[in-house]
Amino acid sequence: MQFRNPLNGYVESSTGSASWLWCFLFGAFYFLVKGNWKHVFLSIIFALCTLGISWFVYPFYVRKINDAKYLRAGWVPVTGNNEVPGINVNVVNTTQNNT
């Protein structure tokens, strides 16, 4: 899925078709490359606590994890050339200078 930054229009892909494979093979390093610091630390902690079993579970949720990261940051989902309806991209905090 692709997301667009409403402030500068930059479009970035959250996951690819083989993202589950990269997550399975590289574990926490995959999240490090994607910039998802929360799951870098969580995957390491879960791997230590479960003796590595969590590395077999994380790939099933990698798409949801990465999509949620972009949505929380305020990025807008993009499908083709059209934005997903129902999401307000004009919500920007502004301050007025009273002089």
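This report concerns the structure included in the present document.

Cut-offs and rules
Residues numbered from 1 in each chain as written. Predicted model: local features only at pLDDT ≥ 70, side-chain atom pairs only at ≥ 80, totals over all residues. Heavy atoms only, no water. Core = buried A, V, L, I, M, F, W, Y, C linked by side-chain atoms within 4.5 Å. Buried < 20%, exposed > 50% of the residue type's maximum accessible area, 1.4 Å probe, protein only. Helix = DSSP H or I, 4+ residues; strand = E, 2+ residues; numbered from the N terminus. Contact = heavy atoms within 4.5 Å. Expected span 1.5 Å × (residues − 1). Bend = angle between axes of the 7 residues up to and from the residue. Axes fitted to C-alpha atoms, helices over the stretch in contact; angles between N-to-C directions. Parallel < 35°, antiparallel > 145°, perpendicular 65-115°, else oblique. Left-handed = near helix turned anticlockwise from the far one by under 90°. Nonpolar A, V, L, I, M, F, W, Y, C, P; charged D, E, K, R; others polar.

Moving on, we come to the nonpolar core. Core analysis: the biggest nonpolar cluster contains eight residues, these being Cys23, Ala28, Tyr30, Phe31, Val40, Tyr58, Val62 and Ile65. Those elements that place two or more of their residues in this core are α2 (28-34) and α4 (58-72). When near neighbours in sequence (up to four residues on either side) are disregarded, Ile65 contacts Phe31, Asn36, His39 and Tyr58.

With that settled, consider α4. For an α-helix, 3.6 residues make a turn, and residues three or four places apart therefore share a direction. Given a rise of 1.5 Å per residue, 15 residues ought to cover 21 Å, and the 20 Å separating the end C-alpha atoms of α4 matches this to within 8%. The largest bend along α4 reaches roughly 25° and is located at Lys64. For α4, the set of buried residues is Tyr58, Pro59, Val62, Ile65, Asn66, Asp67 and Tyr70. The inward-facing, buried residues of α4 contact β1 (2-4), β2 (11-13), α1 (19-26), α2 and α3 (37-49). Within two residues after α4, Gly74 carries a phi angle of roughly 95°, on the positive side.

Glancing now at α3. Over its 13 residues, α3 extends 19 Å from the first C-alpha to the last, a length consistent with the 18 Å expected when each residue adds 1.5 Å. Looking at the packing, one finds that the buried side of α3 touches α2 and α4. Downstream of α3 by one or two residues, Leu51 has phi in the positive range, about 55°.

Bringing the packing of α1 against α4 into the picture now. Relative to each other, α1 and α4 sit at 125°, their axes nearing to 8 Å. Comparing their axes, α4 and α1 come out oblique. When you trace α1 past α4, the crossing you get is right-handed. Note on element contacts: α4 touches α1 through Tyr58, Pro59 and Val62, opposite Ser19, Trp20, Cys23 and Phe24. Its residues placed into classes, the contact of α1 with α4 shows six nonpolar, one polar and no charged.

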